Amino acid sequence: QVQLVESGGGLVQAGGSLRLTCAASGGTFSRYFLGWFRQAPGKEREFVASIAWTSTYFADSVKGRFTISRDNAKNTVDLQMNSLKPEETAVYYCAGKLGLGPTTKVNGYDFWGQGTQVTVSS
């Protein structure tokens, strides 16, 4: 069974940067399509970014500020977040699915991490 564990969350001022890391165990990491989602209090979980082998996808709201990368040797996927805004305060989740077909839908993913809190102060 695949397990995902996020790290790197914390408190940052508006305009600052954070780098989130998701470490996977179990399964064959290179076969997974991986994504990052976030959920703010009282809101639905929303797509942030995803990556196949090298193809990347981003929500319009984060394009140009966030990057996503994966290291198949280390079984990790990172989300680099720059120019953060207070409204991006949320729990950030790593997710994975079998196969490399892209999806932005929450129910399109097979397994999830527990999440890491990101708080952006104004």
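Just above sits the structure.
Residues numbered from 1 in each chain as written. Predicted model: local features only at pLDDT ≥ 70, side-chain atom pairs only at ≥ 80, totals over all residues. Heavy atoms only, no water.

Caption draft 1: View of the overall build of the protein. Scanning the protein from terminus to terminus reveals 0 helices and 11 strands. Ordered by position from N to C terminus, the α and β elements of the protein give β-β-β-β-β-β-β-β-β-β-β. In terms of overall dimensions, the protein is globule-like: its C-alpha atoms have a radius of gyration of 13 Å, near the 14 Å expected for 122 residues. In terms of overall dimensions, the protein has a C-alpha envelope of 40 × 25 × 25 Å along the principal axes. The proportion of buried residues among the 122 residues of the protein is 43%. (Helix = DSSP H or I, 4+ residues; strand = E, 2+ residues; numbered from the N terminus. Rg over C-alpha atoms; globule rule 2.2 N^0.38 Å. Buried < 20%, exposed > 50% of the residue type's maximum accessible area, 1.4 Å probe, protein only.)

Caption draft 2: Molecular detail of the pattern of salt bridges. In total, this model carries 5 salt bridges according to the counting rule given. In this structure, R19 and D78 form a salt bridge, with 3.1 Å as the shortest nitrogen-oxygen distance. With R19 in strand 3 (residues 18-25) and D78 in strand 8 (residues 76-81), this residue pair connects regions lying 59 residues apart in the sequence. A salt bridge links R38 to E46, with the shortest nitrogen-to-oxygen separation between them at 2.6 Å. Among the residues examined, E46 registers a relative accessible area of 38% and is labelled partly exposed. (Salt bridge = Lys/Arg side-chain N within 4 Å of Asp/Glu carboxyl O.)

Caption draft 3: Summary view of the sheet that holds strand 8. The antiparallel open sheet is built from 4 strands, whose spatial order is 1-3-8-7. Two strands lie at the open edges of the sheet, namely strand 1 (3-7) and strand 7 (66-71), each paired on one side alone. Direction aside, neighbouring strands of the sheet carry axes that sit 15° apart on average. (Pairing = 2+ DSSP bridges. Axes fitted to C-alpha atoms, helices over the stretch in contact; angles between N-to-C directions.)

Caption draft 4: Local environment of the nonpolar core. Counting residues in hydrophobic clusters, the biggest one holds 36 residues, and the most contacted among them are W36, L79, M81 and Y92. When contributions to this core are tallied by element, the ones reaching two or more residues are strand 3, strand 4 (32-39), strand 5 (46-51), strand 7, strand 8, strand 9 (90-98) and strand 11 (116-121). (Core = buried A, V, L, I, M, F, W, Y, C linked by side-chain atoms within 4.5 Å.)

Caption draft 5: Structural context of the environment of V106. Mapped onto the elements, V106 comes out in the loop between strand 9 and strand 10 (111-112). Remark: the alpha-carbon pair of V106 and A52, spanning 54 residues in sequence, is separated by 16 Å. Contacts of V106, omitting those with residues within four sequence positions, involve F37, R45 and W112. (Contact = heavy atoms within 4.5 Å.)

Caption draft 6: Layout of the pairing of strand 7. Taking every second residue as pointing to the same face, the buried face of strand 7 carries F66, I68 and R70, while none of T67, S69 and D71 on the other face is buried. In this structure, strand 7 lies alongside strand 8, joined through 6 bridges in antiparallel fashion. Across the sheet, D71 pairs through a bridge with T76, a residue of strand 8. Linking strand 7 back to strand 8 in an antiparallel pair, the connection comprises 4 residues, with N75 at a positive phi of about 60°.

That is the geometry; function is a separate question.
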